[in-house]
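# Observations on the three-dimensional arrangement
Each chain is listed here by its residues.
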Amino acid sequence: MEDEKIKSLFSNYDPELSSDASFMSKLERNLDTVEIIRKHTSEVRSRYRKALAFAAVAGFIVGYLFSLTLPYLNKTIANWKLSLANDSFCITIAENFSILSWIIIAGASVFAALNTYELSLSLLKTKQ
């Protein structure tokens, strides 16, 4: 019974077929559109990879340069610590200086990497 209902539904279905040339031209346009989108996606991926590489290098360099200053800062903080009173809040900061300095170095590296990423993305924009 169900087969007969389905057959009756499709018995009157007679779609209008377009010509072969029309079908081929439409297919070629669609393929061209897909190729344009694929090319654009490839360019965008390449741009993001380059920006990521620049950001990683910038973050590494900033972190390295900041870490080179640590011995000098430790010496300065040690001298500063001698002049502080024992009940001062600053003595706590001076005693935990190495932790705070690494947090500041990490923050500066991340900040530099993010800004480099944004800057390189804006400079690497494709011309349309």
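For the structure, check the block above.
Residues numbered from 1 in each chain as written. Predicted model: local features only at pLDDT ≥ 70, side-chain atom pairs only at ≥ 80, totals over all residues. Heavy atoms only, no water.

## Some thoughts on helix 5 (residues 97-123)
Count 3.6 residues to each turn of an α-helix, and residues three or four apart come out pointing the same way. With 27 residues, helix 5 extends 38 Å from end C-alpha to end C-alpha; this agrees with the ideal 39 Å at 1.5 Å per step. Every buried residue of helix 5 is listed here: Phe97, Ser101, Ile105, Ala108, Ser109, Ala112, Ala113, Ser120 and Leu121. The inward-facing, buried residues of helix 5 contact helix 2 (20-68), helix 3 (70-82) and helix 4 (89-95). (Helix = DSSP H or I, 4+ residues; strand = E, 2+ residues; numbered from the N terminus. Expected span 1.5 Å × (residues − 1). Buried < 20%, exposed > 50% of the residue type's maximum accessible area, 1.4 Å probe, protein only. Contact = heavy atoms within 4.5 Å.)

## Details of helix 2
Taking 1.5 Å as the rise per residue, helix 2 with 49 residues should run 72 Å; its terminal C-alpha atoms sit 72 Å apart, in good agreement. For helix 2, every residue scored as buried is listed here: Val44, Arg47, Ala51, Ala55, Ala58, Gly59 and Gly63. Each element contacted by the buried residues of helix 2 is listed here: helix 5.

## Brief notes about the environment of alanine 78
Looking at the element boundaries, alanine 78 is found in helix 3. A relative accessible area of 40% places alanine 78 in the partly exposed class. In sequence terms alanine 78 and alanine 94 are 16 residues apart; their C-alpha atoms lie 7.5 Å from each other.

## What about the packing of aromatic side chains?
For any pair of aromatic rings, geometry is given as the distance between the ring centres together with the angle between the planes. Under the criterion given, the structure shown has 0 aromatic pairs. Above the plane of the ring of tyrosine 48 lies arginine 47, whose end atom (NZ or CZ) is 5.7 Å from the centre. (Phe/Tyr/Trp six-rings, centres within 6.5 Å; stacked < 30°, edge-to-face > 60°. Lys NZ or Arg CZ within 6 Å of the ring centre and 35° of its normal.)

## Brief notes about the environment of aspartate 3
The topology assignment puts aspartate 3 in helix 1 (residues 2-11). Relative accessible area serves as the criterion here: at 57%, aspartate 3 is assigned to the exposed category. Taking C-alpha positions, aspartate 3 is 76 Å from tyrosine 64, a pair spaced 61 residues apart along the chain.

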